Amino acid sequence: MLTLKDATLRREACLVGGEWIAADDGRVDDVTNPADGSRLGRVPRLGEAETRRAIDAAEAALPAWRARSAKERGTLLRRWHDLLLAHQEDLAALMTAEQGKPLAEARGEIGFAASFFEWFAEEGRRTYGDVIPSPQGDRRLLVVKQPVGVCAAITPWNFPAAMIARKAGPALAAGCTIVIKPAAQTPYSALALAELAQRAGIPAGVVNVVTGEARAIGRAMTESPKVRKLTFTGSTGVGKLLLRQCADTVKKVSMELGGNAPFIVFDDADLEKAIEGVMQAKFRNAGQTCVCANRIFVQAGIHDAFAARLAEEVARLRVGPGAEEGIQVGPLIDAAAADKVVEQLDDALAKGGELLVGGERRGATFLTPAVIAGATPQMACFGEETFGPLAPLFRFEDEAEVVALANATEYGLAAYCYTRDLGRAWRLSEALEYGMVGINNGHVSTCEAPFGGVKQSGLGREGAHQGIEDYLETKYINMAID
Ligand SMILES: NC(=O)c1ccc[n+]([C@@H]2O[C@H](COP(=O)([O-])OP(=O)(O)OC[C@H]3O[C@@H](n4cnc5c(N)ncnc54)[C@H](O)[C@@H]3O)[C@@H](O)[C@H]2O)c1
Ligand SMILES: O=C[C@H](O)CS(=O)(=O)O
């Protein structure tokens, strides 16, 4: 049973123009706990009409919000940050109940989400323009940055708070207003963030959250000329669809899409550090992160020692409901997600892979973390994003071979490399076709750094200074002074 210190954080209505609303026709959708399939509650099933009203509310709030100074907007963002931390336990409990991740990870995600509000509270005050030396004495050339305007955000279930904060933070700091559609599986985290935005004093209409029919809401967002930017985090397939839908109104877009991360271990790597890194890069959120190690390449000389140590560590992982203290691997988001991982596991075994540990299905959504040796590029786990606790080991001989294998994918989000050779670290950092590279490090995400991918892993960057640029327009002013 989910009990919160502050029960009012558990909202079952949508925030539109400062009002908490139900669907016009009263329809609702169940929210379930992936650990046991129990119903947590119900949230409104909004459609196009309600979404259009949310867009209108964001448009109505825009002039006053963009007229505030960046410092004033930053003060409110900082308050939102403080409220997330003040309610971290309740927000973590809500997240674990609806998403399944272990409580310790959920607490960490709330801190991660809050960091984007803190970071962009200050970045908004540094959206500098330019004064350009004019070629004519009677002209002055200026460049100023202005907010894009009304933004729409569509976010995934795997990081239900941080993926919202990584968008709402820069949007609000830049002077934009926003309409957010969270994933159907994880609405409570989004609605709790909206509740805390109100408590922080963020004005009505600046932040709006709509739950309901994804296609209908997405259509309203992408078709509306009032929406000047769409920021999406989710699968590459849905990203492509939304990109197409945004073309008719030429919206600015940010796309944070799928991944297929290579994790490369050379003979000269520090074995224990590599094991620590792969455990972090592979099994965080039960392997359901876009930057998870999807393919683990191990050089022949260290392969057997690495495989034995990895199997040993994986066997120790505690699997169970995320709400139980000490659990390290929770359930997958639903039975279909677990089915997909089992299919990839069975495919690998059918094609010659050797199961070293795990792979046991426990009920609908639990799967004990698995390690497979003898993986090959002919297996589904080579080309497809696994999004689950399956670690396939690919043996390789030399640098040229592993770079070619690592880059043989349409994805390009994150990559990892373990070596103590400085020259090789540089060569791999430059040769790997990915937006982010971890060298002797299995976790790269932080608000100070630009997160994002190349190829079909996305467009744009989130976090860092780059993250606010996506919410700004550049205006050039040519002024005659005669
Ligand atoms: N690059 C990143 O930063 C990042 C972060 C997290 C997740 N992801 C990716 O997201 C995927 C897993 O998340 P998911 O299962 O929620 O992805 P998904 O693409 O199925 O859904 C993402 C969001 O899009 C919505 N959606 C789905 N179809 C839609 C449509 N036709 N119109 C409008 N909205 C629609 C969903 O309701 C959800 O809110 C993985 O591929 C993962 O790699 C990427
Ligand atoms: O899955 C997507 C997240 O962006 C992963 S991380 O928490 O930013 O590493």
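What you see as residue numbers is a count from 1 along each chain, following the sequence as written. In the order they appear in the text, chains get letters beginning with A and ligands get numbers beginning with 1. Owing to the predicted nature of the model, reporting of local features is limited to residues with pLDDT of at least 70; listing and counting of side-chain atom pairs is limited to 80 or more, with chain, interface and lining totals taken over all residues. To obtain the side-chain values, all non-hydrogen atoms of the structure were included, while hydrogens and water were left out.

- The chain is annotated in an unreviewed UniProt entry as NAD-dependent succinate-semialdehyde dehydrogenase of Halomonas salifodinae.
- Within the UniProt record for the chain, the comment given under Sequence similarities (unreviewed entry) is "Belongs to the aldehyde dehydrogenase family." UniProt positions are given in the numbering used here, feature names are shortened, and annotations may be inferred rather than shown by experiment.

### Here we look at the site of ligand 2
- Taken together, Phe112, Asn158, Phe159, Met163, Arg166, Arg284, Thr289, Cys290, Val291, Ser445 and Phe451 form the complete shell of residues around ligand 2.
- The definition of a polar contact used here is a pair of N or O atoms within 3.5 Å, where within protein one atom must be able to donate a hydrogen and the other to accept one, and adjacent residues in sequence count solely through side-chain atom pairs. Between ligand 2 and the protein, one listed contact pairs an oxygen atom with a backbone N or O atom of Cys290 at 2.9 Å.
- The separation between an oxygen atom of ligand 2 and a polar side-chain atom of Ser445 is 2.5 Å.
- With residues, only the protein chains shown are counted as cover, and all accessible areas are computed by Shrake-Rupley using a 1.4 Å probe. Expressed as a share of its isolated accessible area of 280 Å², the protein-covered part of ligand 2 is 98%. In these notes, residues near a molecule or strand are those with any non-hydrogen atom within 4 Å of it.

### Examining unusual backbone geometry
- Positive phi values are uncommon outside glycine, yet Val250 reaches one of about 45 degrees.
- A relative accessible area of 65% means that Val250 is categorised as exposed.
- Even without being a glycine, Asn440 presents a positive backbone phi close to 55 degrees.
- Put simply, DSSP marks the helices as runs of H or I at least four residues long and the strands as runs of E at least two long, and each gets a number from the N terminus on. As for its placement among the helices and strands, Asn440 is situated in the loop between strand 20 (436-439) and strand 21 (458-459). Per-residue accessibility, obtained with a 1.4 Å probe over protein chains only, is compared with the maximum for each type, and a residue is labelled buried under 20%, exposed over 50%, and partly exposed between these values.

### A few points about the pattern of salt bridges
- A side-chain nitrogen of Lys or Arg and a carboxyl oxygen of Asp or Glu constitute a salt bridge if their distance falls within 4 Å. Tallied over the entire structure, the rule returns 37 salt bridges.
- For Asp25, the salt bridge goes to Arg27, with nearest N and O atoms at 2.6 Å.
- Since its relative accessible area comes to 45%, Asp25 is described here as partly exposed.
- Residue classification places Arg27 among the partly exposed positions, given a relative accessible area of 33%.
- For Arg219, the salt bridge goes to Glu48, with nearest N and O atoms at 3.0 Å. Of this pair, Arg219 sits in helix 7 (residues 214-223) while Glu48 sits in helix 1 (residues 48-67), placing them 171 residues apart in sequence.
- By relative accessible area, Arg219 is classed as partly exposed at 34%.

### Focus on the pairing of strand 20
- Alternating residues of strand 20 divide into Met436 and Gly438, all buried, and Val437 and Ile439, none buried.
- Two strands pair when backbone bridges link them, and strand 19 (residues 414-418) and strand 20 are joined in this way by four bridges, in the parallel orientation. Considered in strand 20, the bridge of Tyr416 is made with Gly438.
- Crossovers are marked right-handed if the path from the first strand over the helix to the second runs clockwise, as seen with the strands pointing away from the viewer. As for the winding sense of the linkage, the β-α-β connection from strand 19 through helix 14 (residues 422-431) to strand 20 is right-handed. Two strands form a pair only when DSSP identifies at least two bridges running between them.

### Let's talk about the UniProt feature "domain: Aldehyde dehydrogenase" (unreviewed entry) in the chain
- UniProt records the feature "domain: Aldehyde dehydrogenase" (unreviewed entry) for residues 20-477 in the present numbering.
- Annotation note: span residues 20-477, helix share 42%, strand share 21%, distance between end C-alpha atoms 42 Å.

### Remarks on the packing of helix 1 against helix 7
- A fitted line through C-alpha atoms serves as each axis, taken over the contacting stretch for helices, and the angle formed by two N-to-C directions is quoted from 0 to 180°. At their nearest, the axes of helix 1 and helix 7 sit 8 Å apart, and the two run at 40 degrees to each other. The angle between the axes of helix 1 and helix 7 places the two elements in the oblique class. For the pair helix 1 and helix 7, the crossing hand works out as right-handed. Of the residues in helix 7, those in contact with Glu48, Thr51, Arg52 and Ile55 of helix 1 are Ala216, Ile217, Arg219, Ala220, Met221 and Glu223.
- Note that Gly is not counted as nonpolar here; it falls among the polar residues with everything else outside the nonpolar set of Ala, Val, Leu, Ile, Met, Phe, Trp, Tyr, Cys and Pro and the charged set of Asp, Glu, Lys and Arg. Counted by class, the contact of helix 1 with helix 7 contains five nonpolar, one polar and four charged residues. Just so you know how the angles are binned, under 35 degrees is roughly parallel, over 145 roughly antiparallel, 65 to 115 roughly perpendicular, and the rest oblique. For any pair of crossing helices, the crossing counts as left-handed if the nearer helix is rotated counterclockwise from the farther one by less than a right angle, and right-handed if it is rotated clockwise. In this analysis, two residues are considered to be in contact whenever any of their non-hydrogen atoms come within 4.5 Å of each other.

### Topic: the site of ligand 1
- Taken together, 29 residues surround ligand 1, and among them Thr155, Trp157, Ser235, Leu257 and Glu385 come closest.
- Glu256 is positioned such that a nitrogen or oxygen atom in its side chain is 3.5 Å from a nitrogen atom of ligand 1.
- Protein burial of ligand 1: of its 840 Å² of free accessible surface, 88% is covered by the chains.
- Elements represented by at least two residues in the shell around ligand 1 include exactly helix 5 (162-174), helix 7, strand 10 (227-233) and helix 8 (236-247).
- Here the shell around ligand 1 is built from residues that sort into 16 nonpolar, eight polar and five charged.

### Details of the sheet that holds strand 13 (residues 293-299)
- A sheet is described by the order of its strands in space; here seven strands give the open sequence 14-17-18-13-12-19-20, paired in mixed fashion. Lying at the two open borders of the sheet, with one neighbouring strand each, are strand 14 (354-357) and strand 20. When the angles between neighbouring strand axes are averaged without regard to direction, this sheet yields 25 degrees.
- Along the sheet, helix 9 (residues 271-283) makes contact with strand 12 (261-265), strand 13, strand 17 (370-373), strand 18 (390-396) and strand 19, crossing strand 12 at roughly 170 degrees.

### Overview of the UniProt feature "active site" (unreviewed entry) in the chain
- In the UniProt entry, the feature "active site" (unreviewed entry) is given for Glu256.
- Within the secondary structure, Glu256 sits in strand 11 (residues 252-256).
- In contact with Glu256, other than residues within four places in its own chain, are Phe232, Thr233, Gly234, Leu413, Phe451, Gly452, Gly453, Ser457, Gly460, Arg461 and Glu462.

### Let's talk about the sheet that holds strand 22 (residues 472-480)
- With respect to topology, three strands assemble into an open sheet ordered 5-6-22, the strand pairing being antiparallel. The open sheet has two free edges, formed respectively by strand 5 (130-132) and strand 22, since each of these has just one partner strand. The average angle at which neighbouring strand axes cross in this sheet is 20 degrees, direction not considered.
- When strand 6 (residues 139-147) meets strand 22, the two strands line up antiparallel, connected through nine bridges. Note on strand 22: the bridge partner recorded for Leu141 is Asn478.

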